[in-house]
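# Notes for the structure review
Okay, here's what each chain looks like letter by letter:
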Amino acid sequence: MSGFSYTVKEDDKGLTVSELLRRNFHFSSRLLTKIKKQDLAKLNGSPVRGWMIPVAGDQLTVTLPAETSDFPPEDIPINVIFEDDSLLVINKQPGFVVHPTKGKPCHTIANGLMKKILDEGACYKIRFANRLDMNTSGLLIVAKNGFVQDQIIHQMKAGITEKKYLAVVDGIIQRDQGTVRAPIGRPDPNEVERWILPADKGGFDSVTHYKVLQRYSAGYTLVEVSLETGRTHQIRVHMAYIGHPVTGDHLYNNGDPFLYRKLHGDFRRVEGDGEKSTSPFIERQALHAYHLSFIHPITGQKLILKAPLPDDMETLINTICLICP
């Protein structure tokens, strides 16, 4: 949705257009500046200035600035779970980085989305409201304008958004449910790995809740995980920290990767050789973002979205069930 409208009420008497925009549309200062410079606000269909004072019954409308992305389009499958004029939620497949980086400038989800936009003749800038690791699958939110992105991020910070994951972890978790509260930081700024760090050394408060769904006698546990915070690698770090790394996780299978390298040498493959799973049954970490709920920034309705378990995790579970004694 690229347009917004508001009917001026008697209670708005004496308020200027600028005040009404700030009060009723919750636009960021940056977006309001763009709206003003591009004359995108109208009063009863005619151009308007911020100092003008409308009267009850006047119709104030705003069209958001047109924006586009310029990523090279690539034929990468995009599995749509929900889409309307302002919002897109997809079920991301494993093996793809979400957004181009120095190390991975192409073959990303953004490149696949660019092809989808061009094929459909659409026009919007790709704005990710959440991120998933390359080898984590599941629900990914794409806002089609800055207002929607800002509102969803605000909901996440306020704890309104609910995010749940399914993970197969190594070992049998004895407790039916639990909470991990341990600050996460980046011990080495030149390395991607995170680990538990006290606040005075750069760690940030991090809270992860888990619930056991199934125990497998072959030595694995299926858990549902929910997040209060959203640190990079949070689930992977916290589950490894309590002795139950996510199955197949190449970075955290041995717990603290920095301590492990100090004691045993660098376990990682050489640069450019890819990431190698630590499990014989799945080629990536068995982690899937399967549930999202949040308030739609435009309609105000609560969205509850789910993504089915991917084939490789289904296969993993079926395999470990077969080898159970």
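Residues numbered from 1 in each chain as written. Predicted model: local features only at pLDDT ≥ 70, side-chain atom pairs only at ≥ 80, totals over all residues. Heavy atoms only, no water.

## Topic: the pairing of strand β9 (residues 162–170)
Rules: Pairing between strands is defined by DSSP: at least two bridges between the two strands are required. Numbering of helices and strands runs from the N terminus, with a helix taken as a DSSP run of H or I at least four residues long and a strand as a DSSP run of E at least two residues long.
In terms of strand pairing, β9 meets strand β15 (residues 287–295) through six bridges, oriented antiparallel. Among the inter-strand pairings, Tyr165 is bridged to a residue of β15, identified as Ala289. Pairing of β9 with strand β14 (residues 220–227), which is carried by seven bridges, proceeds in the antiparallel orientation. Its bridge partner lying in β14, Asp170 is registered against Tyr220.

## Considering the nonpolar core
This is how the line gets drawn: For our purposes a nonpolar core is just a set of buried Ala, Val, Leu, Ile, Met, Phe, Trp, Tyr and Cys residues, chained together by side-chain atoms within 4.5 Å. For each residue, the accessible area found with a 1.4 Å probe, counting protein chains only, is set against the maximum for its type, and the residue is called buried under 20%, exposed over 50%, and partly exposed in between. It only takes one pair of heavy atoms within 4.5 Å for two residues to be counted as in contact.
Ranked by size, the top nonpolar core spans 49 residues in total, and within it Phe128, Tyr165, Val168 and Ile235 carry the most contacts. Residues contacting Tyr165, with those up to four places away along its chain left out, are Leu132, Val223, Glu224, Val225, Leu227, Ile235, Leu287, His288, Ala289 and Tyr290. Core analysis: the next-biggest nonpolar cluster, separate from the first, contains 34 residues, Leu20, Leu21, Val48 and Ile152 among them.

## Observations concerning the environment of Ser217
Checked against the element boundaries, Ser217 lands in the loop between β13 (207–216) and β14. The exposure class assigned to Ser217 is partly exposed, which follows from its relative accessible area of 49%. The sequence separation of Ser217 and Ile323 amounts to 106 residues, and the corresponding C-alpha distance is 8.6 Å.

## Considerations on the side chain of Asn91
Take Asn91: it is sitting in strand β6 (residues 87–92). Judged by its relative accessible area of 12%, Asn91 is buried.

## Overview of unusual backbone geometry
Look at His107: it is not a glycine, yet its phi comes out positive at around 60 degrees. Note that His107 resides in the loop between β6 and α3 (109–120). Judged by its relative accessible area of 52%, His107 falls in the exposed class. One non-glycine residue, His233, lies in the positive phi region at around 65 degrees. Tracing the sequence through the fold places His233 in the loop between β14 and α5 (234–241).

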